[in-house]
Structure formats: structure tokens, C-alpha cells
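For reference, the chains in residue letters:
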Amino acid sequence: MSYTSTLGGERHRFDSLARLLAAASPERSGDHLAGLAATSARQRVAARWALAEVPLTTFLTEPLIPYESDDVTRLILDTHDTAAFAPVAGLTVGEFREWLLTADSPALTAVAPGLTPEMVAAVSKLMGNADLVAVARKVRVVTGFRSTIGLPGRLATRLQPNHPTDDPAGVAAALLDGLLLGSGDAVIGINPATDSPKAVRELLELLDGVIRRYAIPTQSCVLCHVTTSVDLMERGAPVDLVFQSIAGTQAANASFGVTLGLLDEAYEAALKLERGTVGRNVMYFETGQGAALSADAHHGVDQQTVEARAYAVARRYDPLLVNTVVGFIGPEYLYDGRQILRAALEDHFCGKLLGLPMGLDICYTNHADADDDDVATMLTMLGVAGASFVICTPGGDDIMLNYQSASYHDALYLREVLGLRPAPEFEAWLESMGLLDERGGIREVGSHALTAIGKELAA
Amino acid sequence: MSEVTLDNDELWISLRRHTQARIGLGRSGSALPTRHRLELQTAHAAARDAVHSPFEPDTVAAGLAGMATVRVRSAAGDRLTYLQRPDLGRRLDPTDRAHLPTGEWDVAFVVADGLSSRAVHEHAAAVVRETAALLAGWRIAPVVLAEQARVALGDDVGAAMGAEMVVVLVGERPGMSAADSLGAYLTYRPVPGVTTDADRNCLSNIRPPSGLSYEGAAVKLAGLMGRGRELGVTGVGLKDESDHGDVSGRLL
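Residues numbered from 1 in each chain as written. Chains lettered and ligands numbered in written order. Predicted model: local features only at pLDDT ≥ 70, side-chain atom pairs only at ≥ 80, totals over all residues. Heavy atoms only, no water.

Novice: Any chance you could explain the overall build of chain B here in plain terms?
Specialist: Secondary structure assignment for chain B yields nine helices and six strands. Along the longest, intermediate and shortest principal axes, the C-alpha atoms of chain B span 70 × 35 × 35 Å. Out of the 252 residues in chain B, the part that is buried amounts to 53%. Residue pairs in contact within chain B that sit at least 24 positions apart in sequence constitute 69% of those at least 6 positions apart. As displayed, chain B has an accessible area near 10,700 Å², and 51% of this comes from carbon and sulfur atoms. Charge centroids of chain B, computed over 27 positive and 31 negative side chains, lie 4 Å from each other. (Helix = DSSP H or I, 4+ residues; strand = E, 2+ residues; numbered from the N terminus. Buried < 20%, exposed > 50% of the residue type's maximum accessible area, 1.4 Å probe, protein only. Contact = heavy atoms within 4.5 Å. Areas by Shrake-Rupley, 256 points an atom, 1.4 Å probe, with all protein chains shown as cover. Lys, Arg positive; Asp, Glu negative; His and termini not counted. Charge placed at Lys NZ, Arg CZ, Asp CG, Glu CD.)

Novice: Even after reading the chapter, I still don't get helix α9 (residues 214-231) of chain B, so can you show me in this structure?
Specialist: For an α-helix the count is 3.6 residues per turn, leaving residues at separations of three or four pointing the same way. All names here are of chain B. For α9, built from 18 residues, the straight-helix expectation of 26 Å at 1.5 Å per residue is met to within 8% by its first-to-last C-alpha distance of 25 Å. Among the residues of α9, Ala217, Ala218, Leu221, Ala222, Leu224, Met225 and Gly228 are the ones counted as buried. Down the axis of α9, the smallest arc covering the buried residues is 165°, so these residues share one side. Facing away from the buried side of α9 by over 90 degrees, the exposed positions are Glu215, Val219, Glu230 and Leu231. On its buried face, α9 sits against β2 (107-112), α7 (117-132), β4 (165-171), β5 (182-188) and β6 (200-206). (Expected span 1.5 Å × (residues − 1). Arc of directions from axis to C-beta.)

Novice: What should I look at first to understand the environment of Pro55 of chain A in this one?
Specialist: All names here are of chain A. As for its placement among the helices and strands, Pro55 is situated in the loop between α3 (41-52) and α4 (58-61). Given the relative accessible area of 35%, Pro55 is considered partly exposed. Separated by 41 residues in sequence, Pro55 and Phe96 place their C-alpha atoms 9.2 Å apart.

Novice: What's the story with the packing of aromatic side chains in this structure? I'm lost.
Specialist: The description of an aromatic ring pair rests on the distance of the ring centres and on the angle between the ring planes. Residues and elements named next belong to chain A. Counting across every chain of the model gives six aromatic pairs over all chains. Between Phe328 and Tyr403, the aromatic rings sit 5.0 Å apart at their centres with planes inclined by 85°, giving edge-to-face as the arrangement. Of this pair, Phe328 sits in the loop between β10 (321-325) and α18 (337-353) while Tyr403 is found in strand β14 (residues 403-404), placing the two residues 75 residues apart along the sequence. Phe328 sits in the buried class, given a relative accessible area of 2%. (Phe/Tyr/Trp six-rings, centres within 6.5 Å; stacked < 30°, edge-to-face > 60°.)

Novice: Please explain the nonpolar core as it appears in this structure.
Specialist: The tendency in soluble globular proteins is for nonpolar side chains to be buried as a group. If you look at the biggest cluster of nonpolar residues, it comprises 167 residues, and the most contacted ones within it are Leu51 and Leu450 of chain A. Ignoring any residue separated from it by four or fewer positions in sequence, one finds Leu450 of chain A in contact with Leu176, Leu179, Leu180, Tyr214, Trp429, Met433 and Leu435 of chain A. Formed by 31 residues, the second largest nonpolar core is a distinct cluster that contains Trp138, Leu145, Ala184 and Met225 of chain B. (Core = buried A, V, L, I, M, F, W, Y, C linked by side-chain atoms within 4.5 Å.)

Novice: For this particular structure, what's the right way to read the interface of chain A and chain B?
Specialist: Many descriptions give the size of an interface as the accessible area lost when the pieces come together. Counting residues at the interface gives 69 residues for chain A and 50 residues for chain B. With both sides pooled, the region where chain A packs onto chain B buries about 4,700 Å², and carbon together with sulfur makes up 56% of that total. When the buried surface of chain A facing chain B is broken down by residue, Asn366, His367 and Glu444 of chain A rank first, second and third, together holding 16% of it. At the junction of chain A and chain B, the tally comes to four salt bridges. The salt bridge partner of Arg27 of chain B is Glu444 of chain A, with a shortest N-O separation of 4.0 Å. At the boundary of chain A with chain B, the tally comes to 15 residue pairs in polar contact (both at pLDDT 80 or more). Looking at the side of chain A that touches chain B, the element that brings in the most residues is helix α11 (residues 168-180) of chain A, giving seven residues. Tallied by class, the residues present in the side of chain A that touches chain B amount to 32 nonpolar, 21 polar and 16 charged. (Buried area = accessible area lost by both parts, 1.4 Å probe. Salt bridge = Lys/Arg side-chain N within 4 Å of Asp/Glu carboxyl O. Polar contact = N/O pair within 3.5 Å; in protein donor to acceptor, adjacent residues only side chain to side chain. Nonpolar A, V, L, I, M, F, W, Y, C, P; charged D, E, K, R; others polar.)

Novice: It is not clear to me how a nonpolar patch on the surface should be interpreted in this structure. Could you clarify?
Specialist: A surface patch of nonpolar side chains, amounting to about 200 Å² of accessible area, comprises Val384, Val417 and Leu418 of chain A. Of note, Val384 of chain A is situated in helix α19 (residues 372-384). (Patch = residues over 30% accessible without salt bridge, like charges linked within 9 Å, V, L, I, M, F, W, Y side chains within 5 Å.)

Novice: Help me understand the pattern of salt bridges, please; the structure alone is not making it clear to me.
Specialist: Pairing is possible between side chains that carry opposite charge, provided their charged atoms lie close to one another. Tallied over the entire structure, the rule returns 40 salt bridges over all chains. Close ionic contact of Asp240 of chain A with Arg275 of chain A constitutes a salt bridge, the shortest N to O distance being 2.8 Å. Separated by 35 residues along the polypeptide, Asp240 of chain A in the loop between α13 (226-234) and β8 (242-245) and Arg275 of chain A in the loop between α15 (260-273) and β9 (283-287) bring together distant segments of the chain. The residue Arg73 of chain B makes a salt bridge to Asp96 of chain B at a minimum N-O spacing of 3.1 Å. With a gap of 23 residues between them, Arg73 of chain B in strand β1 (residues 69-73) and Asp96 of chain B in helix α6 (residues 94-99) connect regions that are remote in the sequence. Taken together, the shared-partner salt bridges connect Arg146, Asp208, Arg212, Asp240 and Arg275 of chain A into one network.

Novice: Can you walk me through the state of the cysteines in this structure?
Specialist: Working definition of a disulfide: a covalent bond connecting the sulfur atoms of two cysteines. Residue and element names in this part refer to chain A. A full pass over the atoms with the stated rule returns zero disulfides over all chains. With no disulfide partner, Cys363 has as its closest neighbouring cysteine sulfur the one in Cys392, 12 Å distant. Residue class for Cys363 comes out buried when judged on its relative accessible area of 0%. (Disulfide = S-S within 2.5 Å.)

Novice: Is there a simple way to explain the side chain of Thr58 of chain A in this structure?
Specialist: All names here are of chain A. One can find Thr58 in helix α4. Since its relative accessible area comes to 12%, Thr58 is described here as buried. Not counting residues within four places of it along the chain, the set of residues in contact with Thr58 comprises Tyr3 and Leu17.

Novice: I'm lost on the side chain of Asp347 of chain A in this one. Help?
Specialist: Residues and elements named next belong to chain A. Within the secondary structure, Asp347 sits in helix α18. As a buried residue without a salt bridge, Asp347 has its nearest oppositely charged side chain in Arg28, at a separation of 6.2 Å. Excluding its chain neighbours within four sequence positions, the residues that come into contact with Asp347 are Gln289, Glu307, Tyr311, Thr324, Val326 and Met358.

Novice: Any chance you could explain the sheet that holds strand β3 (residues 143-147) of chain B here in plain terms?
Specialist: The strands making up a sheet associate through hydrogen bonds between their backbones, and the pairing can be parallel or antiparallel. Residue and element names in this part refer to chain B. Across the sheet, which stays open at both edges, the six strands sit in the order β1-β3-β2-β4-β5-β6 with mixed pairing between neighbours. Among the strands making up the open sheet, the edge pair consists of β1 and β6. On average, each strand axis in the sheet is inclined to that of its neighbour by 20°, with strand direction left out of account. In this sheet, β4 lies alongside β2 in parallel orientation, the contact comprising six bridges. Bridge pairing in β4 places Val110 opposite Val168. Set on the sheet, α9 makes contact with β2, β4, β5 and β6; between it and β6 the angle comes to about 175°. (Pairing = 2+ DSSP bridges. Axes fitted to C-alpha atoms, helices over the stretch in contact; angles between N-to-C directions.)

Novice: Please clarify how unusual backbone geometry should be interpreted in this entry.
Specialist: If a residue is not glycine, its phi is most likely negative; likewise, a peptide bond is most likely trans. All names here are of chain B. Geometrically, the link from Pro208 to Pro209 is a cis peptide bond, its omega value of 5° lying close to zero. Topologically, Pro209 is positioned in the loop between β6 and α9. Even without a glycine there, the phi angle at Arg189 is positive, about 40°. For Arg189, the location among the structural elements is in the loop between β5 and β6.

Coordinates in, geometry out; function isn't part of it.
So, in C-alpha cells, the structure goes:
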């Protein structure tokens, strides 16, 4: 089916729903790379006029990627909740934007199972950055393992103590630094230098030891391939959360070595361990615009829409955490701070609307046109938008992955200016450790009982 | 002044021996002390400059001490295009392809600016010289100096020159702690558009004195080349002896 609109006397035609969505997307380098971007500013706006008229039901009858050849499409359509969809079933994309802006929090929560990734991606293309903040802010998704993530007025952080050779003393030093700065309530998560089960297990045991010894109400994760986690769980390693990078098409997931069947297996295995105390959300997913294009597996679907489809995969497993690693891949997908900010707001909005506990790795590489001011801008907007958590690294400089993310200091800033607090269990722990000051902020300490973590391993 | 300076605390001094991570930086309110904010900006500036510094083929040629060289450009005409269009950075400019000499060569070295021409200027010539010195009896093609080039440009070069094996030395994506890191990619009988990254062996972080030394890189590379030629394969079929890890758990 084709779509048309007339703008200033000029007639624009879009040959398919996928072409229409791509042309309506805000400009980004990845869509140009894929040959999908609007060819002019006029064409982009014309696509938005046409998109505004498309009924939401069209997305249920006109799959962007064929049902027969893609298991993510099948997942989306087979699990669609018609009853939940009812309040918006008669709306066009343009009317849906206005419905979202006026709906209250319970209505947004109730409609989530009735929405598909394509619907939320489509409506995001008609929204300004402020719209994306205003709507996402109203959506609360609360999950739990040993800490509760996503409550109003709270912001959790992932403490990321990476080390280029997984040196235990180096990891412990960075871990101590993060804890003393009040970080780690979302997860203490390491990107290991290798995916070898032995190396991953050593890191898991290091983290588990610290968490148990100091009774920290948080969870650990060593971000290895899902098959490695399954293997380690079978051998009794202390796995809290199962991690996996996922994407929005079957072929892109295949490039990560992942199938829905593998994820099902890992999910069941992790649930059986019963390691959580306040909740049973056991999965941790990472996504990011550009992954499907980078794997040559986007099927002519624009970068943002295919990213939103990854959230349908995540939604199947009631994850504790989902984060978009928004600026990680490089400028061929998101060119500069402006494009990275827009993508961050879109991803957070789409994930939240689909019912996911969305956090972000607010980050950039050195070949993108971005700097620490862009991180500050993104942090502030995502904090206002109600992001569940952000990823933090020492000084914002990840020495293992060679990119820049937010720092522990950045999280302190965000909590301070927006009056946000850590997860309640973690906040109580900080209090018990003498790390909270009288205003609820993180006390500045020189020496502390926790420093034993570093001293022993560094000895 | 509420700043607590952890910098010189004995504990942090001892912990910093174990990691280059920016730990124990102290605070001014919630923010970084001025010195650390400026240090981060200094490191970022070095990384940005590394990305945008123009490639100087003369510098590399001068370091090659008598080895013949030939200069090419990719199909990405400038840096902005290069950063946004990886597909163009993998293809030779058609005119330059036509100028490449052909021959019965066992190996062609390609020095590609990649994302850090600084890494290439500082390290590439030495790696080529030290490796070539270990390749007794190999017929070595003129060294190709390639501008606005990504790793897979070597496939195009190897195919155009008729070289059996291609070694691409490329400036790696600069991090804030390392803006001058060189990578080496080895490919046996590359075919543009058919060869994939799974067909290559990689040595990364060549960056003495902090990273891999020239001699260490040359020994590993020459070893891989010898065994790759015997087996008739590179990539997953040839054991990578690099001790540098991958990041396969992570979105790439």
C-alpha cells in the first residue's frame, strides 16, 4: 500500500508503510547510510502529514517485516492484547499523539500491552523532544530483584567498574569508588574483557562476595553472552541477572547469536535460582539504535522503528532493567550530540510506553561530535522524563570500552537538582553505612569501612 | 570549601596502581574538582584531535626506510563523509584503484588512517619494518598508504594488486586514555564484498610503551601470517594468539 500527501502544491508519495515511517523520522546519519532517510526537509514533513492520518490498526494488518520470515514480527502480533488496545483502537497516529499527551498515568499503564513497537515509533516521529519527556514522565514501570527500580522520585544507577584485563584489584578499586559515591542500586555490572566462562565466573564471585559481605541490597551482572550465563548457572555460579544485547529483527538477533528460544531457556533458568529478595525480575537487556543496520538486518525499516521492535523482545521476559546504549556505536548511526539526544528521548519514550523499565547509557564516542556538555543536557532531560536508571563510570571515562558515559558525579548532580533519591532499599543501606548526610545527599568521606574492599584486593 | 581531596590519600594512590580508571577524584559539591574537569577535557581534546588530524603519508613513507610506497584514497572524499559513510571508507576511489601496481605478491601491507592518524604516524612504519624483517623469502608489495580508509579497504587493495594476503595497519577509535592505538588486521585472499570480519585476525592496542610493543606485534603478526599461509585461511579458522579481549557480550 502507498501513502501520499500534498504540501505547498507538491505531491509526495511513499511506497510502503516502512518508507513512510523512515521518511517521517527526524534526520540521523544511520538512515542516510541505509538509504532510507527523507531526501529533503519538505519530504520529511510531508511524510509526517501522511503518517498522522494512518489508523493505528494499520500497524496490526500491515507488518513492516513479514510475519512468515521474522520471529520478532510473530512475537509482536501473536501477543497483541486487543482488550488493552481498545481505548485507542479507533485513533489515527496523529490523534494518538494527542491522546498520549492528555492521558493520565493509569491509562498509559493500562494501554501498554495493546501497543506495538511500530505504533509507538510512529507516534514518536510526530512528537517534539518536550512531548517525549512529558509523556514518558507519566509512565512508571516498577521492577524488583534486591532493590526496587522505577518508583516515582527515584533514580537508580548502574555502577560499571570495568577493567581492560578484568584485574580483580582494578575492578575492586573502581567498585569502591562507585559505592562511596552512592552508586550501584540498579546493578553492579561489569563488561568483561573476554567471554570465557572462567573469567566471567571469577568476576561474578568477586561481586557476589562484596554484595554478601556488606549486605548491599543490589544485584550483580557480568555482561556475557546468554549462552555463557546458562552454562554458568548450570554449574552453580552466583548469577543474579541474565544479560543479553538484543535487537529488533530475527536476523539481527541471530548476529548476536541469540534466538527467542535461547532467551526463554535462560529466563526459566534464572527464575529457578530464586536469588531476588524483593522481586522476581531476573533479566537485563541492552539495545541501541544502529544495531540492526550494523548487522545488515534492518529489512528496510528505519533505525528508530527497528530499535523499538527490540523492546517487544525485552517485554516478553519482564526484565529488571533495559537500557539503550544510545551513543555507543558511532557517528555513522547518530552523528552528533543533537542526534544522540533525540534518539535517547525516543528510546526512553518508546520503551516506557511498551511497559519496560527503561534506563540509558548516556554516552558518546570520540569520533562523534559530542562532549560532556551533551551528557549533561541528556542527563537533565532524561531525569525530568523519569528514566529508571543511568549507567555511570569513574570520571565518565570507560577504560575498557573506550567511550564516555555519565560519571558517578553526574548522577549526584541529577539527584541533587531534581530531588531524586536512590532505590529505597539502597538508600536505607547507604544510611546504615553512614554515607547519607542530613539532607539525604551522599556524604563526602575520606576513609570508610568499605575501603576494606579495595585494601584487601590491592594488597 | 567543602571539597574533600582524595587524590593524595594513600589508599587511592595504592589503588590507582591497579587501574587507569579515574577513581578517587574527590568532589566539589556534587561535581568534579576543577583540576579533574580540566584533565578530562584535555584527554577528550587529544582524542578528538586524533580523529580529525589529517593523514600525512609522507611521515609514514619517511619512516619506511627505502620500502616502495603507493598512495590511495578511499571513496569517502573527506572526513565528514568518512565518519558517516563506512561503506565508502571500505572502497577505493576508482581512479586510485586503476593506479595500483599488480604482481605476484605474497603480502601487501596497507597503512590506513582509520580513526586516529596519530596512531598511524607514530607506530605504523615501525610495525611494517619489524614485521617485514621477519618475512624472509616473502614477496612484499609496495606499501599502500591509504587515506580515509577503514579496515575492509584492504580487501579492495588486495584484490586489485593480486596479493595473496593483506595486512591492514589502522588507527583505532581513540579512547580518552589512549588516543594513539594501532590495530593490525590480517586477511588471506580477500574478496571485496565477500570477505567478512570473521575472516580476519586482529592484533589491537599496538602502542608502546603502554600497549603492545613493535617487536611483540611483529612476532605475533609474522607468526599468524606464516600459519595462515600454511593453512590457507585467516580469521576464525586460524587461532588468534592476541591476548587482547573482545567485547562480545556488549552491543557493537
